[in-house]
Amino acid sequence: MSSLAGQAYVIVGGFNRLNAQGWNRRLVKLSEKIHVLTGLTLPIAFLIMEWYSLSHSGKPYTELTFADLQPVSQIYMIAMTAIALIYTPLWLSIRPQFVVAKDRYHVSAEQKWKTDTFESSPYTNSTTKLLSKVPRNEIAWTDANHKTILIDRLPESLNGLKIAHLSDIHLTGQLSHEFYHRAFDWITAQQPDLVVVSGDIVDYNENLEDIEPVFQRLTAPLGCYFILGNHDKRLTDPMQICKRLEGIGWRDAGATHHIIRFNSIPIEIIGNEKPWFDRYRSDMPTVEPETWRMGIAHSPDQFSWGVKNDCSLLLCGHTHGGQIRFPVLGPLVSPSMHGSKYASGVFYRSGTLMHVSRGMAGVHPLRWRCPPEVSILHLSSI
Ligand SMILES: [Fe+2]
């Protein structure tokens, strides 16, 4: 049993880390398939080998001991058991109940929409329609929430600043415009001061034309900001996304920093699209000493970058909350070098508060106990 747990750690842990790499997508997907297939077929191969050996030894199955196994099976079992013994306490220690900064935020209001609130079906292709039949598949639900977050080094005049944070829009043609409009209209009605989208905007070239009708519904007095994510890299020319969004007034935080003012306090917004894009200019700009800085990164693996660059707030997405969250255990699959540690939620380290959104969609239309999310973040000094 413990060796099977070790094998599961190797398969899922490797899968998460392979998908956190900035490699070419084909290489990631190829290595992911090789890794998972090898992980699944190895134990089956050992079982077949032991069954064959047993059937020729004449020894009853019930009397089989570890010493009777082939040396290669023994080595495999010892290795996997050792991995299970070493990794289990580490893995348990990064469950959401232990790592989320509960003392740094509270949900002040929450609204949950289910599929039956749409005028017409939100599913626009056959795969999504089919998978929507899976009981409690939450792909077209939405959790629209207000979160008050406690920020270090927040100037008094920024108290109460409202930031709409949404992520992983994934325009794929799987979900209707109405699905996005419902959430975006809700955001506009909350009157946020600024809007941030932390990457993964469009997946396919043919969905570029969906950008304007979906995104132009969002406006905010201090502007709407975006960066790109790993899925945006699948397009023939990802810069088309930037051109189209800038064409409707959005600001590209993945290419350069932006300085805005709220109650006379300068706010600097910096972006990070690593490891998939490196568009941001390398020199950090000189700003006024009292400038308050926030970062936008697609992957929560950039938490250290946010800390290093004195971001009081860092907004991320990418991990989709794990998409499937198991009771007690939480998420397992999460494309991050930290595994499922930062799948979603609020995290704090050395003066930087990181909010990881569960995002709105994805290419795999299956969510369980992990509905899409849009958030209005209310900044409050600690
Ligand atoms: Fe995504």
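So, how was this worked out
Residues numbered from 1 in each chain as written. Predicted model: local features only at pLDDT ≥ 70, side-chain atom pairs only at ≥ 80, totals over all residues. Helix = DSSP H or I, 4+ residues; strand = E, 2+ residues; numbered from the N terminus. Rg over C-alpha atoms; globule rule 2.2 N^0.38 Å. Buried ≥ 20, exposed ≤ 12 C-beta atoms within 10 Å, placed from the backbone. Contact = placed C-beta atoms within 7 Å. Pairing = 2+ DSSP bridges. Axes fitted to C-alpha atoms, helices over the stretch in contact; angles between N-to-C directions. Domains from an automatic or database assignment. Nonpolar A, V, L, I, M, F, W, Y, C, P; charged D, E, K, R; others polar. Core = buried A, V, L, I, M, F, W, Y, C linked by C-beta atoms within 7 Å. Arc of directions from axis to C-beta.

(A) Examining the overall build of the chain more closely. When helices and strands are counted, the chain shows nine helices and 15 strands. In summary, the chain has a C-alpha radius of gyration of 23 Å against a globular reference of 21 Å for 382 residues, a match within 12%. Overall, the chain is about 85 × 45 × 40 Å in size when its C-alpha atoms are taken along their principal axes. Here the chain, with 382 residues, has 38% of them falling under the buried criterion. Restricting to contacts in the chain with at least 6 residues of sequence separation, those with at least 24 account for 76%.

(B) Representation of the sheet that holds strand β7 (residues 258-262) in the model. One open sheet accounts for six strands, arranged β7-β8-β9-β10-β14-β13; its pairing is mixed. At either margin of the open sheet sits one strand with a lone partner, and together these are β7 and β13 (345-349). Sheet twist, expressed as the average angle between the axes of neighbouring strands with direction ignored, equals 20 degrees. Sheet topology note: the strand β10 (residues 313-316)/strand β14 (residues 352-356) ladder contains four bridges and is parallel. The residue of β14 that forms the bridge with C316 is V356.

(C) Examining the domain arrangement of the chain more closely. As far as domains go, the chain holds domain 1 (2-93) and domain 2 (96-381). Computed from C-alpha coordinates alone, the two centres of domain 1 and domain 2 are separated by 36 Å. On the domain 2 side, the residues contacting the eleven residues of domain 1 number 15 residues. For the side of domain 1 that touches domain 2, the leading source of residues is helix α1 (residues 2-18), giving five residues. Partitioning the side of domain 1 that touches domain 2 into residue classes produces three nonpolar, six polar and two charged.

(D) Representation of the sheet that holds strand β5 (residues 224-227) in the model. Pairing is mixed across the open sheet formed by seven strands, whose spatial order is β1-β2-β15-β3-β4-β5-β6. If you trace the sheet from one side to the other, it starts and ends with β1 (105-113) and β6 (251-252), each paired once. Looking at chain direction, strand β3 (residues 162-166) and strand β4 (residues 194-198) are connected through four bridges and run parallel. Counted as the bridge partner of I163 is L194 from β4. Running at roughly 40 degrees to strand β2 (residues 142-151), helix α6 (residues 177-189) makes contact with β1, β2, β3, β4 and β15 (373-381) of the sheet.

(E) Representation of the nonpolar core within the structure. In terms of nonpolar packing, the biggest core is built from 70 residues, with V196, I201, Y225, F226, I296 and L314 touching the most fellow members. With five residues, α6 is the single largest residue contributor to this core. Setting aside anything within four residues of it in sequence, one finds F226 in contact with V197, I201, L245, W250, D252 and A253.

(F) Seen up close, the environment of P96. Relative to the helices and strands, P96 is located in helix α4 (residues 96-99). For the pair P96 and Y342, spaced 246 residues apart in sequence, the C-alpha to C-alpha distance is 8.1 Å.

(G) Summary view of helix α8 (residues 239-247). Buried residues of α8: I241, C242 and L245, and no others. Each buried residue of α8 lies within a common arc of 95 degrees when the element is viewed along its axis, so the set occupies one face. Along α8, the residues that are exposed and aim more than 90 degrees away from the buried face are K243 and G247. As for α8, its buried residues are in contact with α7 (211-215), β5 and β6. Just past α8, the residue G249 takes up positive phi, approximately 95 degrees.

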